[in-house]
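Spelled out from the first residue to the last, the chains are:
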Amino acid sequence: MHWSEFVFPPTCPGCGTEVWHRGEWCEACFNELYDVRHVTDLDGLALREVYVIGHYDKGLKSILGDIKFHGKKERVKWATPFLYCTPNRHDKTPS
């Protein structure tokens, strides 16, 4: 653990609950937001397949906005859990 985590403990970006590591979500917020869905209504788009990895609200919306529009690459660590889940961390897996 880095010394700064004693002074500024890591918190969930969704609800502010303390978590073990910076970039981590609490289980309740992650389970609420993580929802892999296959989008089938692609009329008029030049795409073959699209998957949605989570609900675009709570802290996830501001994190993705900071990365995309403000160049805050350090915020990527909070988006990473939605791109892949390790079996020992969260039960939900893409189907």
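Quick caveat, the model's predicted, so the values are computed rather than measured. (Residues numbered from 1 in each chain as written. Predicted model: local features only at pLDDT ≥ 70, side-chain atom pairs only at ≥ 80, totals over all residues. Heavy atoms only, no water.)

## Quick word on the packing of aromatic side chains
Rule in force here: Within 6.5 Å between ring centres, the rings of Phe, Tyr and Trp (the latter by its six-membered ring) count as paired, and their orientation is classed by plane angle as stacked under 30 degrees, edge-to-face over 60, tilted in between. The secondary structure listing takes helices from DSSP runs of H or I that are at least 4 residues long and strands from runs of E that are at least 2 residues long, numbered from the N terminus. Exposure is judged per residue with a 1.4 Å probe applied to protein chains only, and the accessible area is read against the type maximum: over 50% gives exposed, under 20% gives buried, and values in between give partly exposed. Ring-over charges, as used throughout, are those where CZ of Arg or NZ of Lys falls within 6 Å of the ring centre and within 35 degrees of the ring normal.
Taken as a whole and assessed by the stated rule, the structure comprises four aromatic pairs. With a centroid separation of 5.3 Å and 90 degrees between ring planes, the pair formed by tryptophan 25 and phenylalanine 82 is classed as edge-to-face. Of this pair, tryptophan 25 sits in the loop between helix 1 (4-7) and helix 2 (27-33) while phenylalanine 82 is found in helix 4 (residues 76-83), placing the two residues 57 residues apart along the sequence. Residue classification places tryptophan 25 among the buried residues on the basis of a relative accessible area of 2%. Cluster of aromatic residues (ring-pair linked, three or more members): Trp25, Phe30, Tyr34 and Phe82. In this structure, arginine 75 is placed above the aromatic ring of tryptophan 78, and the distance from its NZ or CZ to the ring centre is 5.6 Å.

## What about the pattern of salt bridges?
The line we're drawing: For salt bridges, the criterion is a side-chain nitrogen of Lys or Arg within 4 Å of an Asp or Glu carboxyl oxygen.
Here the structure, examined in full by the defined rule, presents two salt bridges. Across the salt bridge formed by aspartate 66 and arginine 75, the nearest N and O atoms sit 3.1 Å from each other.

## With respect to the environment of tyrosine 51
Which entries qualify depends on this criterion: Contacts are assigned to residue pairs that have any heavy atoms within 4.5 Å of one another.
Mapped onto the elements of the fold, tyrosine 51 is located in strand 2 (residues 50-54). Relative accessible area serves as the criterion here: at 46%, tyrosine 51 is assigned to the partly exposed category. Excluding residues that lie within four positions of it along the chain, tyrosine 51 makes contacts with Val36, Arg37 and His38.

## Topic: the side chain of glutamate 24
Stated precisely, the cut-off is as follows: In the analysis that follows, any N or O atom pair within 3.5 Å is treated as a polar contact, provided that within protein one partner can donate a hydrogen and the other can accept it, and provided that, for residues neighboring in sequence, both atoms belong to side chains.
Along the chain, glutamate 24 turns up in the loop between helix 1 and helix 2. According to the relative accessible area criterion, glutamate 24 is buried, its value standing at 17%. A polar contact of 3.2 Å, which involves the side chain of glutamate 24, links it to the backbone nitrogen of tryptophan 20.

## A look at helix 3 (residues 58-70)
To keep things clear, this is the line we draw: Expected span, for any helix, means 1.5 Å times one less than how many residues it has.
Compared with the 18 Å implied by 1.5 Å per residue over 13 residues, the 18 Å span of helix 3 between its first and last C-alpha is a close match. Burial in helix 3 covers these residues: Gly59, Leu60, Ile63, Gly65 and Asp66. Summarising the contacts, the buried residues of helix 3 are in contact with helix 2 and helix 4. In the segment just after helix 3, glycine 71 is the residue with positive phi, at about 65 degrees.

## A look at the confidence of the model for the protein chain
Short version of the rule: Per-residue confidence from the predictor is reported as pLDDT, a score between 0 and 100.
In the predicted model, the protein chain carries a mean pLDDT of 79, and the fraction of residues at 70 or more is 79%. In the model of the protein chain, helix 1 stands out as the element of lowest mean pLDDT, 60, in contrast to helix 2, which has the highest, 91. Long-range and interchain partners of residues 86-95, a stretch whose pLDDT sits below 50, account for twelve contacts in this model, where long-range means more than four residues apart.

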